[in-house]
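Close look at the chain arrangement
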Amino acid sequence: MTRVRHNDYGVLDPPAIGTWRPALTVSIVIPARDCGDELERTVTALGRQTYPAELTEVVVADDGSDPPIELPADLRTGPLRARVVRVRDGWGRGAARETGRLAATGDVIHWLDADMILAEDHVEAHMRWHHLIDHAVVIGDTRFVDAPGEEGVRSAYTNRTLESTRMLKDAGANAYLLHTGASSSVRADLLAAAGGVDPGLNMAEDTELGYRLAQAGAVFVPDPLARGWHVGPSTVMRREKDVHRHNWSYLGDLIPDLRWLRAHPRRHWRVPYVRVVVPATTYEETRTAVDAALAGTVTDTAVTVAGPWDRLTDGRRASLDEPLLDLRLLSNLYRYEPRVAFAAAEPLSAAPAPFLLTLPAGWAPGPDTVSRLVRLADADGLGLVCAVLAETPDGVVAARFERTAAFARAAFFHGDPDDLVDEMFGSLWVSGAEFGIVPVTEAESPAGDAAKWRALAAQRLAEVKELRGEVERLSAEVARLSAEAPDDAGTGRFSSLIRHLRSAG
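Residues numbered from 1 in each chain as written. Predicted model: local features only at pLDDT ≥ 70, side-chain atom pairs only at ≥ 80, totals over all residues. Heavy atoms only, no water.

Here's the deal with the overall build of the chain
Across its full length, the chain holds 16 helices and 17 strands. Counting only C-alpha atoms and orienting by the principal axes, one finds that the chain spans roughly 85 × 80 × 45 Å. Burial status across the chain gives 50% buried among its 505 residues. The long-range fraction of contacts in the chain, counting pairs at least 24 apart against all pairs at least 6 apart in sequence, stands at 74%. When the accessible area of the chain is evaluated, it comes to approximately 24,200 Å², of which 52% is carbon and sulfur surface. Positive and negative side-chain charges of the chain, numbering 55 and 72 respectively, have mean locations separated by a distance of 3 Å. (Helix = DSSP H or I, 4+ residues; strand = E, 2+ residues; numbered from the N terminus. Buried < 20%, exposed > 50% of the residue type's maximum accessible area, 1.4 Å probe, protein only. Contact = heavy atoms within 4.5 Å. Areas by Shrake-Rupley, 256 points an atom, 1.4 Å probe, with all protein chains shown as cover. Lys, Arg positive; Asp, Glu negative; His and termini not counted. Charge placed at Lys NZ, Arg CZ, Asp CG, Glu CD.)

Some remarks on helix H14 (residues 417–424)
Residues Leu 420, Val 421 and Met 424 constitute the buried set of H14. Buried residues of H14, seen end-on, are gathered within an arc of 100° and therefore sit on one face of the element. Buried positions along H14 lie against strand S14 (384–392) and helix H13 (404–410). Once H14 ends, the next one or two residues include Gly 426, with phi positive near 100°. (Arc of directions from axis to C-beta.)

Considerations on the nonpolar core
Of all hydrophobic cores here, the largest spans 39 residues; its most connected members are Val 274, Val 276, Val 290, Val 303, Leu 357 and Phe 401. Residue contributions to this core peak at six residues, all from helix H10 (residues 283–294). Not counting chain neighbours up to four residues away, the residues in contact with Phe 401 comprise Val 274, Phe 355, Leu 356, Leu 357, Leu 373, Val 374, Ala 377, Gly 383, Leu 384 and Val 385. (Core = buried A, V, L, I, M, F, W, Y, C linked by side-chain atoms within 4.5 Å.)

What to know about the packing of aromatic side chains
Evaluation of the coordinates by the stated rule reveals seven aromatic pairs. Judged by centre distance (4.7 Å) and plane angle (70°), the rings of Trp 309 and Phe 342 are edge-to-face. Of the two residues, Trp 309 sits in the loop between strand S10 (301–306) and helix H11 (325–334) while Phe 342 sits in strand S11 (residues 340–343), which places them 33 residues apart along the sequence. Under the relative-accessibility criterion, Trp 309 is labelled buried at 13%. When the centroid spacing of 5.1 Å and the interplanar angle of 15° are considered together, the rings of Phe 355 and Phe 401 count as stacked. Residue Phe 355 is located in strand S12 (residues 355–358), and its partner Phe 401 is located in strand S15 (residues 395–403); the two are separated by 46 residues in the primary sequence. (Phe/Tyr/Trp six-rings, centres within 6.5 Å; stacked < 30°, edge-to-face > 60°.)

Description of the side chain of Arg 187
Counting through the fold element by element, Arg 187 comes out in strand S7 (residues 183–187). Buried Arg 187, no salt bridge; nearest opposite-charge side chain is Asp 189, N-O distance 4.9 Å. Ignoring any residue separated from it by four or fewer positions in sequence, one finds Arg 187 in contact with Leu 24, Asp 107, Val 108, His 130, Ile 133, Asp 134 and Ala 136. (Salt bridge = Lys/Arg side-chain N within 4 Å of Asp/Glu carboxyl O.)

Looking at the confidence of the model for the chain
Across the chain, the average pLDDT comes to 91, with 92% of residues at or above 70. In the predicted structure, residues 496–505 sits below a pLDDT of 50 and forms 13 contacts with residues beyond four places in sequence or in another chain. (pLDDT = per-residue confidence, 0-100.)

Topic: the pattern of salt bridges
Counted under the stated rule, the structure contains 26 salt bridges. Glu 205 is paired through a salt bridge with Arg 93; the nearest N and O atoms lie 3.3 Å apart. Here the residue Glu 205 occupies a position in helix H7 (residues 205–215), and Arg 93 occupies one in helix H3 (residues 93–103), the gap between them amounting to 112 residues. Judged by its relative accessible area of 1%, Glu 205 falls in the buried class. Here Glu 205 ties to Arg 97 by a salt bridge, and the two come within 2.9 Å at their closest N and O atoms. With a gap of 108 residues between them, Glu 205 in helix H7 and Arg 97 in helix H3 connect regions that are remote in the sequence. With respect to class, Glu 205 is no different from Arg 97; both count as buried.

Here's the deal with the sheet that holds S15
With respect to topology, seven strands assemble into an open sheet ordered S11-S10-S9-S12-S15-S14-S16, the strand pairing being mixed. Looking along the sheet, the strands with just one partner apiece sit at the ends: S11 and strand S16 (427–431). Pairwise comparison of adjacent strand axes, ignoring direction, gives a mean angle of 25° for this sheet. Of the strand pairs in this sheet, S14 and S16 are connected by five bridges, and their pairing is parallel. In the strand pairing of S16, Ala 387 is matched with Val 430. (Pairing = 2+ DSSP bridges. Axes fitted to C-alpha atoms, helices over the stretch in contact; angles between N-to-C directions.)

Thoughts on the environment of Asp 300
Of note, Asp 300 is situated in the loop between H10 and S10. With 43 residues separating them in the primary sequence, Asp 300 and Ala 343 have C-alpha atoms 19 Å apart. Those residues within four positions of Asp 300 in sequence are excluded, and the remaining contacts are Arg 259, Arg 262, Trp 269, Pro 272, Tyr 273 and Val 274. Of the polar contacts made by the side chain of Asp 300, one reaches the side chain of Arg 259; its length is 2.6 Å. (Polar contact = N/O pair within 3.5 Å; in protein donor to acceptor, adjacent residues only side chain to side chain.)

Comments concerning a negative patch on the surface
A contiguous patch of negative charge on the surface is contributed by Asp 37, Glu 38, Glu 40 and Asp 74. By the secondary structure assignment, Glu 38 is in helix H1 (residues 36–46). (Patch = residues over 30% accessible without salt bridge, like charges linked within 9 Å, V, L, I, M, F, W, Y side chains within 5 Å.)

Considering unusual backbone geometry
Residue Pro 67 is reached from Asp 66 by a cis peptide bond, and omega for that bond is 5°. Looking at where Pro 67 falls in the secondary structure, it is placed in the loop between strand S2 (56–62) and helix H2 (73–77). Here the amide bond leading from Ala 351 into Pro 352 is cis, since omega sits at 5°, within 30 degrees of zero. The phi torsion at His 6 lies on the positive side, around 50°, for a residue other than glycine. Mapped onto the elements, His 6 comes out in the segment before strand S1 (26–32). Phi is positive for Asp 34, which is not a glycine, with a value near 50°. Looking at where Asp 34 falls in the secondary structure, it is placed in the loop between S1 and H1.

See below:
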């Protein structure tokens, strides 16, 4: 199976439509409510698809229609095996999509809106990609029309995104933002691994699902050959400001990548941006590391403390002398802290959080350690940053900063995960001291005032910005002097100074 770097699916070579033999089954899942005529037209079009009918089923999820949706007999008994399932738990698009997913039996789940008109090779265009890799999310080319038979146009947002990212090949970690339920498809097992559709969302459920699919390692492929026409404008087209006002009230809790929705400096959020893992050792050592992580400048950081918590019991004990006293004290200290979780072992993934920082015992992050690691990883889309902390007779002691999506992608292949991540996302070794990771005995005390830490980080960033400005000024001066006198000794002194400043920054 071909390995895709970041989201550059250009290395994949799908077969031409009509020239290949499919094997995977597909479930077309259509959430619907009070749209009998449009739905019948959509399902009828599915009966004319070039993808084999014997490999296709249609599942209509009726979200409380009145009267209930009933498909014509020829659609129910034909080779498509079209059927209706009723939404029993909850209501809205999220509940309908999840009801349809749970009822589906296909290898691939193909979402469709109920008011779509499809080209006859629409499903086949999607399915070509799923036969190439098992972690593709295919997005159809949906055009909006006022009436059947028109050419239609893409939404302005879709056009801008596709044009600015080479059809998502350069979209990197943000490719999921184009995920839509109007026409998209994904392997059923990948969808299940990502947690399925959130049944509590009645809008933006496709964007939120796209984010979780990205964390599960998905590659997003917009296929212009998967042609479909949506009759009438979308809700976003008609009421964009109202839609944003509604969706942004909760998407900030669910998608930590939307940083501009998390501007508040002290709020807690449902999904953290970075999860930090600290091993439970002594009470004082562990507390120093956990408190340092919680007081950092990335305020939506959560901490997992790994230790044998199941060994703690509620039975009678010697309060000051029990063998597990340090564990007991840590449990007491963080029991009611919402950003701290306890686990028996280090988690293998931070999902749905996009980043995981694992610290070795005895080390603590600085106030802007997490912020700087995020910036470094995002600059080139790195999947792994290893921060060297010390060398011992047993080897190198290092902290690991992992991108969740990168290691989820690596899990689809055989081989060393770090090597696979390096190949598909890139990795880097850095000095831990350069990023503020220090022994707990040298850690700065947060002193209960996170604002001081944020101010310290802001001061350091200002100093770095000022230093970079000086480097740029001197670089320009070197260029000018080199042009005037290439062999001048002063030019060499300027070059040495710039190298020194760059190394200091």
